[in-house]
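# Close look at the chain arrangement
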Amino acid sequence: MSWQDEMQHRMESANSIPRLSLSLLPSFYQNLKPISDELDIDLWCKRDDMTAFGFGGNKTRKLDFLVAEALQQKATHIIAVGAVQSNFCRMAAAYASVTGLKCTLVLGGAQPKHTGNHLLSELFGAECHYVAGEDWQDWEEAAAKLEMQLLARGEIIYRMPIGGSTPLGALGYVYGFVEMLMQAEETNAVPEYMYFATSSGGTHAGLLVGQEVTGWEGTLQGIAVAKDMLALGKEALGLATMTGVLCKTILKEGAVHVDDSQIGEGYGLPTNAALEAQELFARKGGIVLDTVYTAKAAAGLIADARSGKIPKGSRVVFLHTGGSPEVWA
Ligand SMILES: Cc1ncc(COP(=O)(O)O)c(C=O)c1O
């Protein structure tokens, strides 16, 4: 049986799960020759920064499933949680605008500035509530309280956790991985490594299941931008295990690789390595990376290419997960 037949068999029930098609798919699979020359590897980029809807990014693949479920449950209102400059919240607001749902965003962290993602979330018509402090648990608790208030007003609520990282959201990246592998095969450019930014673990979980359903033998390397390696690895594996149930797949524990050496002083704080990666991708690829997620992920890739952890000449795909509005934040 080919991997495609095996994959179709495993994905049979997942294929019937309701899904919106607001993401512009397939996203490009692009060769990055000048950056490859610089790093002595064969570098490709999966351009999920260009999924287009609501300014694009990795979260549209998740929201296609999540908002379809909200509509199926006859929700009138969605609640999303994230940092003030959250890409996920910006895209959730865009999904609400087009599906006729009301949208409340619970935004945590520093005082809001009407720039970047925050500006776009307001433009898409979301109602924003702010929570001081950096503790994700406090943000989720504030969202739960708001949910109670809205329920009391007769709203039907669909509340999504940080990053939309539920098994259903992660399913978006099972399909994202399959899409990448098909493009890679068509271009005779199947990667041996895939690098990406990981934060709430949903993208990573979906990719892990994608790896399993396709039998791809390469290495998935998550670069952490907020949580440490052990905590995030455990979360991604737990989420992948639940996502695997939707795809008749059992996960192998050894498949989870998280590198937390690029976090620097913390979530959202740029590092020199991230700034260098941002400049390299901009000047040799015409590609915009944000310093919160994708530039740190690219910095991890660059460090591994330079240290030889990625052997010279290896084919590597960088999953560009979006986040470009951050450069105007
Ligand atoms: C641009 C960007 N890249 C990567 C991620 C990480 O995705 P996940 O939360 O699924 O780990 C996020 C999450 O907010 C993001 O906005």
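Preceding this paragraph is the structure being described.
Residues numbered from 1 in each chain as written. Predicted model: local features only at pLDDT ≥ 70, side-chain atom pairs only at ≥ 80, totals over all residues. Heavy atoms only, no water.

### Notes on the overall build of the chain
A count of helices and strands for the chain gives eleven helices and ten strands. Its C-alpha atoms give the chain a radius of gyration of 19 Å, within 12% of the compact-globule value 20 Å for 329 residues. Viewed in the frame of its principal axes, the chain has a C-alpha envelope of about 60 × 45 × 35 Å. Counting all 329 residues of the chain, 58% fall into the buried class. (Helix = DSSP H or I, 4+ residues; strand = E, 2+ residues; numbered from the N terminus. Rg over C-alpha atoms; globule rule 2.2 N^0.38 Å. Buried < 20%, exposed > 50% of the residue type's maximum accessible area, 1.4 Å probe, protein only.)

### Looking at the pattern of salt bridges
For the structure on display, the rule yields 17 salt bridges. Between Arg61 and Asp48 there is a salt bridge, and its shortest N-O distance comes to 2.8 Å. Here the residue Arg61 occupies a position in helix H3 (residues 59-72), and Asp48 occupies one in the loop between strand S2 (42-47) and H3, the gap between them amounting to 13 residues. Exposure class is identical for Arg61 and Asp48. Each is buried. Across the pair Glu235 and Lys227 runs a salt bridge whose closest N-O atoms are separated by 2.7 Å. (Salt bridge = Lys/Arg side-chain N within 4 Å of Asp/Glu carboxyl O.)

### Re the packing of aromatic side chains
The relation between two aromatic rings is expressed through the spacing of the ring centres and the mutual angle of the planes. All told, the structure shown has seven aromatic pairs when counted by the stated rule. Look at Phe65 and Tyr175: their rings are 5.9 Å apart centre to centre, the planes differ by 25°, and that puts the pair in the stacked class. Residue Phe65 is found in helix H3, and its partner Tyr175 is found in helix H7 (residues 167-186); the two are separated by 110 residues along the sequence. Pair check on accessibility: Phe65 and Tyr175 agree, each one buried. Across from the ring centre of Tyr175, 4.5 Å away, lies the NZ or CZ of Arg19, which sits over that ring. Geometry around Tyr173 places Arg61 over its ring, the cationic atom sitting 5.5 Å from the centre. (Phe/Tyr/Trp six-rings, centres within 6.5 Å; stacked < 30°, edge-to-face > 60°. Lys NZ or Arg CZ within 6 Å of the ring centre and 35° of its normal.)

Everything listed here is a matter of geometry and, on its own, says nothing about what the molecule does.
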